[in-house]
Amino acid sequence: MSYLELLDVSFSYPNGFEATRNVSLRFELGEAVAIIGQNGAGKTTTVKLMNGLLRPTKGQVKIAGQTTSQLTTAQMAQHVGYVFQNPDDQIFQETIEKEIAFGPKNQKLPAEDVAKRVADAAAFCGLTEVLAEHPYNLPYSKRKFITIAAVMAMDPEVVILDEPTAGQDRESTELLGRLIQELVKRNKAVITITHDMEFVVNEFQKVLVFADKELRKVGTPRKIFWDDALLTFSALKQPYICQLAKALGLRDVLTMDELGKQVGR
Ligand SMILES: Nc1ncnc2c1ncn2[C@@H]1O[C@H](COP(=O)(O)OP(=O)(O)OP(=O)(O)O)[C@@H](O)[C@H]1O
Ligand SMILES: [Mg+2]
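Residues numbered from 1 in each chain as written. Chains lettered and ligands numbered in written order. Predicted model: local features only at pLDDT ≥ 70, side-chain atom pairs only at ≥ 80, totals over all residues. Heavy atoms only, no water.

A.B. asks: Help me understand the overall build of the protein, please; the structure alone is not making it clear to me.
C.D. replies: The helix and strand inventory of the protein stands at eleven helices and ten strands. Computed over C-alpha atoms, the radius of gyration of the protein comes to 19 Å, within 12% of the 18 Å expected from 2.2 N^0.38 for 265 residues, which places it in the range of a compact globule. Summarising its shape, the C-alpha atoms of the protein cover approximately 60 × 45 × 35 Å along the three principal directions. Buried positions account for 50% of the 265 residues belonging to the protein. (Helix = DSSP H or I, 4+ residues; strand = E, 2+ residues; numbered from the N terminus. Rg over C-alpha atoms; globule rule 2.2 N^0.38 Å. Buried < 20%, exposed > 50% of the residue type's maximum accessible area, 1.4 Å probe, protein only.)

This is the structure in structure tokens:
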């Protein structure tokens, strides 16, 4: 049994607009999965269905085998943490420490455990030195790490990161990569929406492609980024290294190393 399942799920917004259609998916603990797709493809809508921020208009969401229609959003959020696409939709406390402590405090953990959770999450997200600051004293890209730390501090089994790479420099992108691998080591399921194709190649073995409201393909980066018909249909770009390989008349290349070997042959 998979930890998190979507069974033929569709969702229409109250204005009648259907944003995601007939999606079936399963996620295991200890795996990192990337979600890619054009703007408006339905990525955010789909992941919001996983933690109860939105409820399916058709189909079922199951957590640990249990259907979630009877669970409150707060109950679902204990198991599935969602880091918002826009950090400013999530942040509401006046210090970074309070923001990170809010979740574990709400879980009624003893003060000592709350402090441990905050220290651990802050250390991981590079926030230890700025805990006393107002969240808005940090730039947008760093505010994203506050919201990641706040979700980590709740210790959910599933962590969903909605475009964590947007606006991040190389160093922060590498930190995000380490963070995802650490969460996997802690046996979490990590679901990451991103438009950074290099990040996908570097950090993930499993990729989901959304296009025009539907899940179009699940596969390894190599399978996804060398599927010409899929990329055209989904209006997705290959990572630069694949573009270079293609220009040289090569196929199925994913890394510099592989490119070097193929060219050297
Ligand atoms: N509250 C809403 N009411 C009506 N339509 C909405 C609402 N929120 C989103 N949509 C529409 O649903 C579609 C899917 O949106 P969604 O945010 O899931 O896309 P996305 O794949 O996450 O895109 P992006 O990469 O831009 O974040 C879009 O056409 C969007 O305009
Ligand atoms: Mg989105």
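On we go.
A.B. asks: How should I be thinking about the nonpolar core in this particular structure?
C.D. replies: The tendency in soluble globular proteins is for nonpolar side chains to be buried as a group. Grouped together as the largest cluster of nonpolar side chains are 51 residues, with contacts concentrated most on Ile36, Ile100, Cys125, Leu127, Ile148, Leu179 and Phe225. When residues in this core are grouped by element, the largest group, six residues, is from helix α5 (residues 140–152). Apart from the residues lying within four places of it in its own chain, the contact partners of Cys125 are Phe145, Ile148, Ala149, Met152, Leu175 and Leu179. (Core = buried A, V, L, I, M, F, W, Y, C linked by side-chain atoms within 4.5 Å. Contact = heavy atoms within 4.5 Å.)

A.B. asks: Teacher, can you tell me more about the coordination of the magnesium ion (ligand 2) here?
C.D. replies: Tetrahedral coordination by four donors places them ideally at 109.5 degrees to one another around the metal; octahedral coordination by six donors ideally gives 90 or 180 degrees. Summarising the metal site, the magnesium ion (ligand 2) is bound by the protein donors Thr44 (OG1) and Gln85 (OE1), whose distances to it range over 2.0 to 2.3 Å. A residue pair is termed long-range when its members are at least 10 positions apart, and Thr44 in helix α1 (residues 43–50) and Gln85 in the loop between β6 (80–83) and α3 (96–106) qualify at 41 residues. Relative accessible area serves as the criterion here: at 33%, Gln85 is assigned to the partly exposed category. (Donors = N, O, S within 2.8 Å, 3.2 Å for Na, K, Ca; no water.)

A.B. asks: What should I look at first to understand the sheet that holds strand β4 (residues 58–63) in this one?
C.D. replies: Sheet strands pair via backbone hydrogen bonds, and the direction of the pair is either parallel or antiparallel. Within the open sheet, the four strands sit side by side as β2-β1-β4-β5. Their pairing is antiparallel. Each of the sheet's edge strands pairs with one partner strand only, and the pair in question is β2 (18–27) and β5 (66–67). Inspection of the sheet shows strand β1 (residues 4–12) paired to β4 by five bridges, in the antiparallel sense. Directly across from Ser10, in β4, lies its bridge partner Lys58. In this fold α1 packs onto β1, β2 and β4, with an angle of close to 55° to the strand it touches most, β2. (Pairing = 2+ DSSP bridges. Axes fitted to C-alpha atoms, helices over the stretch in contact; angles between N-to-C directions.)

A.B. asks: When you look at the packing of α3 against α5 in this model, what are you seeing that I'm missing?
C.D. replies: Each packed pair of helices is defined by two parameters, the angle between the axes and the distance between the axes. Running from N to C, α3 and α5 point in directions that differ by 30°, and their axes come no closer than 7 Å. By the angle class used here, α3 and α5 are roughly parallel. Relative to α5, the crossing made by α3 is right-handed. Residues Ile96, Glu99 and Ile100 of α3 lie in contact with α5, whose contacting residues are Ile146, Ala149 and Ala150. (Parallel < 35°, antiparallel > 145°, perpendicular 65-115°, else oblique. Left-handed = near helix turned anticlockwise from the far one by under 90°.)

A.B. asks: Please clarify how the side chain of Thr45 should be interpreted in this entry.
C.D. replies: Here Thr45 shows up in helix α1. Looking at Thr45, the relative accessible area reads 7%, which means it is buried. If we skip the residues at most four places from it in the chain, Thr45 touches Phe11, Tyr13, Ala19, Thr20 and Leu54.

A.B. asks: What is the right way to look at the site of ligand 1 in this model?
C.D. replies: Taken together, 15 residues form the shell around ligand 1, and within it Gly40, Lys43, Thr44, Thr45 and Gln85 come nearest. In the model, an oxygen atom of ligand 1 is placed 2.5 Å from a nitrogen or oxygen of the Thr45 side chain. A distance of 3.1 Å is found between an oxygen atom of ligand 1 and a side-chain nitrogen or oxygen belonging to His195. Considering ligand 1 on its own, with 650 Å² of exposed area, one finds that the protein chains cover 66% of that surface. Counting residues per element, the shell around ligand 1 draws most heavily on α1, which supplies three residues. (Near = heavy atom within 4 Å. Polar contact = N/O pair within 3.5 Å; in protein donor to acceptor, adjacent residues only side chain to side chain. Areas by Shrake-Rupley, 256 points an atom, 1.4 Å probe, with all protein chains shown as cover.)

A.B. asks: Can you help me understand the environment of Glu157 in this one?
C.D. replies: For Glu157, the position within the fold is in the loop between α5 and β7 (158–162). When its relative accessible area of 26% is taken as the criterion, Glu157 is described as partly exposed. In contact with Glu157, not counting residues within four places along its chain, are Tyr3, Leu29, Gln78, His79, Lys188 and Ala189. A polar atom in the side chain of Glu157 sits 3.3 Å from the side chain of Tyr3.

A.B. asks: I tried to follow unusual backbone geometry on my own but got confused; where do I start?
C.D. replies: Negative phi characterises most residues that are not glycine, and trans characterises most peptide bonds. Residues other than glycine seldom take positive phi values, yet Asp8 does so here, at roughly 50°. The residue Asp8 is located in strand β1 in this model. By relative accessible area, Asp8 is classed as partly exposed at 36%. Here Asp212, not a glycine, exhibits a phi torsion of approximately 50°, which is positive. By secondary structure assignment, the location of Asp212 is in the loop between β9 (206–211) and β10 (214–219).

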